[in-house]
Amino acid sequence: MNKTLARLTLALFISCALLQHNLPVASSQQEADPNFDAKVARPAYTAKHPKVLFDEAHFNFHTSAGRYKPFADLITSDGYTITPNKEKFQKKTLKGYKILVIANALGAERQNSPEADSPAFTEEECDVVREWVRAGGSLLLIADHAPFGAAAETLAKRFGVDMSKGHTMDVNNYDQEDENKNRTFLVFSRDNKLLIDHAITRGRDATEHINRIITFTGQSLKGPEGSVAFLKLSETAQDRQPPSKDSKPITLDRLPNGQPLPPGVTVQGRPAGPAVSAAGRAQGIAMAFGKGRVVVLGEAAMLSAQLVTGSVAQLAGKDEIRIGMNRSGIDNRQLALNIMHWLSGLLR
């Protein structure tokens, strides 16, 4: 294992979020898993094929041919037809589509740009999307931890959803099988009672029943009255806000999740913002809105299938790390299908 790495740069509040996002880490790679099995044994749609518009016009970190290709391949196998969106939202843009998917839009091209957390959508675009949903469209809005929450906040507010815009962790309900004990890899299960009963978590029958979901470093959400938090955060969940842009960098002797750094590795970061309780909030919300439906997720990697290699994987003592639907022992793959089934009206 090569532990003589270049100087890493990450904020103190990030607990291995670099596994999911494109931070400047020396010799690390992050890509869609080319071996992900996207075949669906029992496709939901064989005669008609609901049309899905996949947004790629707002500096989206996840695209249908990029890090979200496994998701796109999966739902295509299930019978959906995907069209990438390359223009700002207008009435004519959304006309004829059943579902709009927006995954990690940004206010600037680069995630680490000072303008990345600027609004990704104009006020006019937000109005267009809201009225399209009200008239019967369905929206899957995915907005991750900083800076993605702030970039999507304006659109989320059109549906009464509050975004924490920070990073969410839980000292109790995290993936304790993970070697790094990453407290931002959150577990929602029947056992810990954080996976809430809903058509999405039930599926069409017992073979589609969701029992265990892991999310991989996101933000928290609060939905309006009448919404269902199907991925509910526990009483011990906390949100860490991003550091102030005026704060001075400091040198760390361990990763933010408490993992000691290997010899020869230096990490610089900035002091985190305050921790606040995320009790009563969620990372997955579903709601009816007018004649349409909305699902908002506070974490993106749960519906991806990514491989992380290079120095990041080496820090974890592995050749590669699987993030998302390709991780064993979880139902994230079925969750992706069930969400789409609910948005398309197959699940009631």
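Heads up: these notes are all about the structure in this document. Note that the coordinates shown come from a computational prediction; the quantities given were computed from them, not determined experimentally.

This brings us to the overall build of the chain. Counting secondary structure elements, the chain contains seven helices and 20 strands. Taking all 348 residues of the chain together, 57% fall into the buried category. In the chain, 76% of the contacts between residues at least 6 apart in sequence involve partners at least 24 apart. Of the accessible surface of the chain, which amounts to about 14,400 Å², a share of 48% is contributed by carbon and sulfur atoms.

The next subject is the nonpolar core. Where a protein is soluble and globular, its nonpolar side chains tend to be buried together. In terms of nonpolar packing, the biggest core is built from 46 residues, with Phe71, Leu140, Val295, Leu303 and Ile339 touching the most fellow members. By residue number, the principal contributor to this core is helix α7 (residues 332-343), which donates seven residues. The residues contacting isoleucine 339, other than those within four sequence positions of it, are Leu140, Ile200, Phe230, Val295, Leu297 and Leu303. In this structure, Phe89, Phe121, Val129 and Trp132 belong to the second largest nonpolar core, which totals 31 residues.

The subject of this paragraph is the sheet that holds strand β13 (residues 237-240). Two orientations exist for strands paired in a sheet by backbone hydrogen bonds: parallel and antiparallel. As summarised here, the arrangement of the three strands in space is β8-β13-β16, forming an open sheet in which the pairing is antiparallel. Across the chains shown, the open sheet's two edge strands, defined by having one partner strand only, are β8 (167-170) and β16 (275-277). Neighbour-to-neighbour, the strand axes of the sheet open up by a mean angle of 35 degrees, direction not taken into account. Here β13 runs beside β16; their pairing, made up of three bridges, is antiparallel. Note that in β16 the partner of aspartate 239 across the bridge is valine 276.

Here the amide bond leading from alanine 146 into proline 147 is cis, since omega sits at 5 degrees, within 30 degrees of zero. Within the secondary structure, proline 147 sits in the loop between β6 (138-142) and α4 (148-157). Phi angles above zero are rare outside glycine, and lysine 193 is one such case at about 65 degrees. Tracing the backbone through its elements, the reader meets lysine 193 in the loop between β9 (185-189) and α5 (199-202). For lysine 193, a relative accessible area of 65% translates into the label exposed.

In the contact formed by helix α1 (residues 69-77) and α7, the axes pass within 10 Å of each other and the chain directions differ by 60 degrees. One finds that α1 runs oblique with respect to α7. For the pair α1 and α7, the crossing hand works out as right-handed. Contacts from Phe71, Leu74 and Ile75 of α1 reach α7 at Arg333, Ala336, Leu337 and Met340. Residues of the contact of α1 with α7, tallied by class, amount to six nonpolar, no polar and one charged.

Conventions and cut-offs
Residue indices follow the written sequence of each chain, beginning from 1 at its first position. For this predicted model, a pLDDT threshold of at least 70 governs which residues receive local features, and a threshold of 80 or more governs which side-chain atom pairs are given and counted, while totals over whole chains, interfaces and linings are taken from all residues. Side-chain descriptors were evaluated using all non-hydrogen atoms of the structure, hydrogens and water having been removed beforehand. Think of it this way: any DSSP run of H or I at least four residues long counts as a helix, any run of E at least two long counts as a strand, and we number them from the N terminus. Burial classification: accessible surface area is computed with a 1.4 Å probe over protein chains only, and a residue below 20% of its type maximum counts as buried, one above 50% as exposed, and the rest as partly exposed. Here, two residues are considered to be in contact whenever any of their heavy atoms come within 4.5 Å of each other. Note on areas: these come from Shrake-Rupley sampling with a 1.4 Å probe, and a residue is covered only by the protein chains present in the view. We define the nonpolar core as a collection of buried residues of types Ala, Val, Leu, Ile, Met, Phe, Trp, Tyr and Cys that are connected through side-chain atoms lying within 4.5 Å of one another. For two strands to count as paired, DSSP must find a minimum of two bridges between them. The axes are straight lines fitted to the C-alpha atoms, using for helices just the contacting stretch, and the angles between their N-to-C directions are given from 0 to 180°. Should an angle fall under 35 degrees it is taken as roughly parallel, and over 145 as roughly antiparallel, whereas 65 to 115 is taken as roughly perpendicular and any remaining angle as oblique. The handedness criterion is simple: a crossing whose near helix is rotated anticlockwise from the far helix by less than a right angle is left-handed, and one whose near helix is rotated clockwise is right-handed. In the scheme used here, Gly and all other residues not listed as nonpolar or charged are polar, with Ala, Val, Leu, Ile, Met, Phe, Trp, Tyr, Cys and Pro taken as nonpolar and Asp, Glu, Lys and Arg as charged.

Purely geometric stuff here, so don't read any function into it on its own.
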